[in-house]
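# Geometric and topological summary
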Amino acid sequence: MEFRIIEHGLVDSTSERAFAALSGGQARDGDVHVALGQTAGRGRRGASWVSEPGTGLYASFVLRPARVLDPVALTMGAGLAVHGTLMDLGLVRAQLKWPNDLLIGGAKVCGILAETRGLDPARPHCVLGVGINVGQRQFPPELSGQRAVTSLALCGVNVAVGAVLERLLPHLGRELERAERDPEDTLHAYFAATGLLKQRVRVLAGEQELVARCTAVELARGLCVALDDGTQRWLRLEHVRGLYLIPQ
Ligand code: BTN
């Protein structure tokens, strides 16, 4: 995939800029909207993404694949790409948290948001928003009071925002290509990276919460879990809201 970087100063949201380019007919596959800061950065489930100018990577990738990509494989591929980037930077403690957050020492360092507006199967598109905390030394109390957050700088890695993007691009290119060519392989790579398979986990799926052992995973059938009563259940991946390793 060939990436074309489109730099912005302070914008509402890089994903909004990507959608504006898509609806204006100027967006190409591989366009990357990067901003210095965002005034209305958004996260999953209506949350906002704190985007102080110059401290984080705020990037949105325009994807215009030939056919509709599996959304689960796509977000997992993006998570794997950021995971690989953090490993390159020496952050070997970085962990993927279902479905595609990246944590270091249990604190969130990256969030990923894949969005589509109005699905036309003949001309599929997706905007993949990636936010990585790079240089922040502190976070506003309304965020840090809510959950544990960290940045590369707080983890001892002092790197420029642009250098993080440069390292991310080859990983993302490879992962997007894999998610398109062999989404099942992306899924297996994701589970290998999380170390969740064969382990006891707590699963939040729809309205239920289960404690079970993860035994298999497939795109079509989902996550197979073995319950303590000896039965097994297949849970559709898009219904799995949370998946947590139970330390032994
Ligand atoms: C999450 O809630 O974990 C997802 C956060 C995604 C944030 C990124 S920053 C770049 C892009 N633009 C946005 O408005 N959001 C995404």
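Below is a short write-up of the structure. All values derive from a computational prediction rather than experimental measurement.

Once that is clear, we can look at the overall build of the protein. Looking only at helices and strands, one finds 5 helices and 12 strands in the protein. For the protein, the C-alpha radius of gyration of 18 Å lies close to 18 Å, the compact-globule estimate for 248 residues. Reported as C-alpha extents along the three principal axes, the dimensions of the protein are approximately 55 × 45 × 30 Å. In the protein, which comprises 248 residues, the proportion classed as buried is 50%. If you take every contact in the protein between residues at least 6 apart in sequence, the share linking residues at least 24 apart comes to 62%. Side-chain charges of the protein comprise 27 positive and 26 negative groups, with the mean position of each set lying 3 Å from the other.

On the secondary structure map, Asn133 appears in strand 7 (residues 126–133). Residue class for Asn133 comes out buried when judged on its relative accessible area of 4%. Sequence-distant contacts of Asn133, that is, excluding residues within four places in its chain, are made with Trp49, Thr55, Lys108, Val109, Phe139, Thr150, Ser151 and Leu152.

For the rest of this paragraph, the subject is the pattern of salt bridges. Summed over the entire model, instances satisfying the criterion amount to 15 salt bridges. For Glu209, the salt bridge identified is with Arg202, shortest N-O distance 3.0 Å. Looking at Glu209, the relative accessible area reads 49%, which means it is partly exposed.

A separate point is the packing of aromatic side chains. Taken as a whole, this structure holds 4 aromatic pairs when the rule is applied. Between Trp98 and Tyr190, the aromatic rings sit 5.9 Å apart at their centres with planes inclined by 80°, giving edge-to-face as the arrangement. With Trp98 in the loop between strand 4 (95–97) and strand 5 (101–104) and Tyr190 in helix 5 (residues 183–194), this pair connects stretches of sequence that are 92 residues apart. Assigned by exposure class, Trp98 and Tyr190 land together as buried. An aromatic cluster of at least three residues, connected via ring pairs, comprises Trp98, Tyr190 and Phe191. Positioned over the ring face of Phe19 is Arg117, at 3.9 Å from the centre of the ring.

The rules behind the values
- Residues numbered from 1 in each chain as written.
- Predicted model: local features only at pLDDT ≥ 70, side-chain atom pairs only at ≥ 80, totals over all residues.
- Heavy atoms only, no water.
- Helix = DSSP H or I, 4+ residues; strand = E, 2+ residues; numbered from the N terminus.
- Rg over C-alpha atoms; globule rule 2.2 N^0.38 Å.
- Buried < 20%, exposed > 50% of the residue type's maximum accessible area, 1.4 Å probe, protein only.
- Contact = heavy atoms within 4.5 Å.
- Lys, Arg positive; Asp, Glu negative; His and termini not counted.
- Charge placed at Lys NZ, Arg CZ, Asp CG, Glu CD.
- Salt bridge = Lys/Arg side-chain N within 4 Å of Asp/Glu carboxyl O.
- Phe/Tyr/Trp six-rings, centres within 6.5 Å; stacked < 30°, edge-to-face > 60°.
- Lys NZ or Arg CZ within 6 Å of the ring centre and 35° of its normal.

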